[in-house]
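The chain contents come next:
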Amino acid sequence: MDHIVRGVLNFRKNVYPEHKDLFGALADSQNPDVLFFTCSDSRIDPNMMTGSIPGDLFICRNAGNVIPPHSNETGGMTASIEYAVAVLGVRHIIVCGHTDCGAIKGALDIPALKGLPHVKEWLGHCRSAMEIVRERHGIPSEERLDTMYLNEAIEENVLQQVQHLRTHPVVAAKLATGKIEVHGWVYDIKSGDIRCCGHNSMEFKNFNEYYSDYIVNLAKE
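All of these numbers come straight from a predicted model, not from anything done at the bench. (Residues numbered from 1 in each chain as written. Predicted model: local features only at pLDDT ≥ 70, side-chain atom pairs only at ≥ 80, totals over all residues. Heavy atoms only, no water.)

Q: Can you walk me through the packing of helix H7 (residues 127-137) against helix H8 (residues 150-165) in this structure?
A: Two measures define how a pair of helices packs: the angle their axes make with one another and the distance between the axes. Between H7 and H8, the shortest axis-to-axis distance is 8 Å and the interhelical angle comes to 130°. Between H7 and H8, the angle is such that the two are oblique. Note on packing geometry: the crossing formed by H7 with H8 is right-handed. Across from Ser128, Ala129, Met130, Ile132, Val133, Arg136 and His137 in H7, the residues of H8 making contact are Glu152, Ala153, Glu156, Asn157, Gln160 and His164. (Axes fitted to C-alpha atoms, helices over the stretch in contact; angles between N-to-C directions. Helix = DSSP H or I, 4+ residues; strand = E, 2+ residues; numbered from the N terminus. Parallel < 35°, antiparallel > 145°, perpendicular 65-115°, else oblique. Left-handed = near helix turned anticlockwise from the far one by under 90°. Contact = heavy atoms within 4.5 Å.)

Q: What is the right way to look at the pairing of strand S5 (residues 194-198) in this model?
A: On a regular strand, each side chain points to the face opposite its neighbour's, so the side chains alternate between the two faces of the sheet. Counting buried positions along S5 yields four of five residues, so the element is predominantly enclosed. In this structure, strand S4 (residues 181-187) lies alongside S5, joined through five bridges in antiparallel fashion. Looking at the pairing, Gly184 lines up with Cys197 of S5. Remark: six residues form the turn of the hairpin made by S4 and S5, two consecutive strands paired antiparallel; Gly192 in that turn has positive phi of roughly 85°. In terms of strand pairing, S5 meets strand S6 (residues 205-206) through two bridges, oriented antiparallel. Paired with Arg195 across the bridge in S6 is Asn206. Once S5 ends, the chain turns through six residues before running back antiparallel as S6. (Buried < 20%, exposed > 50% of the residue type's maximum accessible area, 1.4 Å probe, protein only. Pairing = 2+ DSSP bridges.)

Q: When you look at the pattern of salt bridges in this model, what are you seeing that I'm missing?
A: Pairing is possible between side chains of opposite charge, provided their charged atoms come close. As enumerated under the stated definition, the model contains nine salt bridges in all. Notably, a salt bridge pairs Asp100 with Arg43, separated by 2.9 Å at the nearest N-O pair. Of this pair, Asp100 sits in the loop between strand S3 (92-98) and helix H5 (102-107) while Arg43 sits in the loop between strand S1 (34-39) and helix H3 (46-50); the two residues are 57 residues apart in sequence, bridging distant segments of the chain. With its nearest N and O atoms 2.7 Å apart, the salt bridge here joins Glu155 to Arg195. (Salt bridge = Lys/Arg side-chain N within 4 Å of Asp/Glu carboxyl O.)

Q: Honestly, the sheet that holds S3 in this entry has me stumped. Any pointers?
A: In any sheet, the strands associate via hydrogen bonds between backbone groups, in a parallel or an antiparallel arrangement. Read from one edge to the other, the open sheet built from six strands follows the order S2-S1-S3-S4-S5-S6, with strand pairing classed as mixed. Edge positions in the sheet fall to strand S2 (57-62) and S6, since each of these pairs with one other strand and no more. As paired strands, S1 and S2 are joined by six bridges and run parallel to one another. Considered in S2, the bridge of Leu35 is made with Phe58. On top of the sheet, H8 reaches S1, S3, S4 and S5; it is set at about 160° to S4, its chief contact.

Q: Looking at this structure, I do not really get the environment of Thr78. What am I missing?
A: With respect to the secondary-structure elements, Thr78 resides in helix H4 (residues 76-88). Separated by 110 residues in sequence, Thr78 and Asp188 place their C-alpha atoms 27 Å apart.

Q: Looking at this model, I keep getting lost on the pairing of S3. Mind explaining?
A: Most of S3 is tucked away, with seven of its seven residues classed as buried. Covered by surrounding structure in S3 are His92, Ile94, Cys96 and His98 together with Ile93, Val95 and Gly97, the residues of both alternating faces. By the bridge criterion, five bridges tie S1 to S3 in an arrangement that is parallel. If you follow Thr38 over to S3, its bridge partner there is Cys96. Summarising the sheet, S3 and S4 pair through seven bridges and their orientation is parallel.

The structure is reproduced here in structure tokens:
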């Protein structure tokens, strides 16, 4: 805890005073433009990755950047989606997976997750992604998926979680009227690269290609 305590002391002494006006503006309200879903993995820092500041991102995290399909059973992710879209009015939703994801390693071989009943149940939301990988490579359902398929499974999981988002009524309504855009990302921890897809995508493109129009416009500024 030493570095955590030291960090808080530094924040109070140096960081907060430097950004006092920002925190003052955020004290009574927030107006984020982006709902950012990502994994709980300690190596992922959404603000560092996107160059954003407090107030820019409404962040939801869990093991495997999972978004359960909509149901009448309320959960934390469902409520967060509803609030971010209907109340905060976010215009973009990013689902960000990452390389070397421990949750997807677990999803490759669910029966091996002995003594972790809640993790096993939670990773059931990744099953469709794993089944797609199996089907693509002709792997029988009783066989575990080898780690050679990890990166493919990570991308497929992001694609499937993006599809799960579309089952939430508040998201479906905004997508249908063009008021929201959904983005799927896979962040490469080692290289810093990001691969991207959209809500209708079946494959990923590199970041610069996917956001080429944005990049061109930024170059004109």
